[in-house]
Amino acid sequence: MLTWLWSFAVYSFLGFLLEVAFARATGGRPERKCLLVLPLCPVYGLGACLILLLPRAVLLSPPLLFLAGGLTATAVEYAAAVCYEKGLGVAFWDYRGLPGNLKGRVCLVFSLAWGLLALPLAYCLHPALAPRLAAIPAPVGWAMAAAVGADLALSSLLLRRRGDILCLQWYRKQPP
């Protein structure tokens, strides 16, 4: 179980890095799309873990993995958007200007990107990381889980109370 918690944390962190790189490369929105303190985007961690839990026959077939991985990540992205909107009163992304979007929560362009990203995740990244993550001592894993859980709870509380994702940008000087 701790290996999956570590996988969630690592892929959430890599998702954060991907978000930062994408925003810089495209001139996109620089708002923080992660937890309050930790640089983790949970939607990426959850999506990656669910992709890795797809049936073995799917994982062994690149075309099936592309399709199922894209659909899985898109479903996670849609569910996360609904949870953020309905549960916390915020929206971290809006794809309404992109083709094939569904209520601005998901779109065809990113669904295809998630399908492409599923391939190196399953064939390169996870096989290299999994043994290393499994070797991390349990007390370190439980401490990480507690830190992530506390940050997730605090971030959720702040987002729900403020209704604005800018509350996660504690490191920037806020206008009066």
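Scroll up to find the structure this text is about.
Structural notes, computed from the coordinates. In this text the structure is predicted, and so the values were computed from the model without any measurement.

Relative to each other, helix α1 (residues 2–26) and helix α6 (residues 138–162) sit at 50°, their axes nearing to 10 Å. In terms of orientation, α1 lies oblique with respect to α6. Pair α1 / α6 crosses with left-handed handedness. The segment α1 lies against α6, with Leu 2, Leu 5, Trp 6, Phe 8 and Ala 9 engaging Ala 138, Val 140, Gly 141, Trp 142, Met 144, Ala 145 and Val 148.

We now examine the environment of His 126. Mapping His 126 onto the fold places it in helix α5 (residues 108–134). Here His 126 falls in the buried class, since its relative accessible area comes to 14%. In the structure, His 126 is positioned 77 residues away from Cys 49 in sequence and 9.8 Å away in space, judged by C-alpha atoms. Excluding anything up to four places from it in sequence, His 126 contacts Ser 7, Tyr 11, Leu 52, Leu 121 and Pro 131.

According to the stated counting rule, one finds 7 aromatic pairs in the structure shown. Between Phe 13 and Phe 16 the ring centres are 6.5 Å apart and the planes differ by 25°, which places this aromatic pair in the stacked class. Of the two residues, Phe 13 and Phe 16 are both situated in helix α1; the distance of 3 residues between them amounts to about one turn of the helix. Exposure remark for Phe 13: the relative accessible area of 35% places this residue in the partly exposed category. Ring geometry for Phe 110 versus Trp 114: centroids 5.7 Å apart, planes at 35°, classification tilted. Placement of both Phe 110 and Trp 114 in helix α5 is noted, with a separation of 4 residues, approximately one turn of the helix. In this structure, Phe 110 and Trp 114 share a single accessibility class: buried.

So, how was this worked out
- Residues numbered from 1 in each chain as written.
- Predicted model: local features only at pLDDT ≥ 70, side-chain atom pairs only at ≥ 80, totals over all residues.
- Heavy atoms only, no water.
- Axes fitted to C-alpha atoms, helices over the stretch in contact; angles between N-to-C directions.
- Helix = DSSP H or I, 4+ residues; strand = E, 2+ residues; numbered from the N terminus.
- Parallel < 35°, antiparallel > 145°, perpendicular 65-115°, else oblique.
- Left-handed = near helix turned anticlockwise from the far one by under 90°.
- Contact = heavy atoms within 4.5 Å.
- Buried < 20%, exposed > 50% of the residue type's maximum accessible area, 1.4 Å probe, protein only.
- Phe/Tyr/Trp six-rings, centres within 6.5 Å; stacked < 30°, edge-to-face > 60°.

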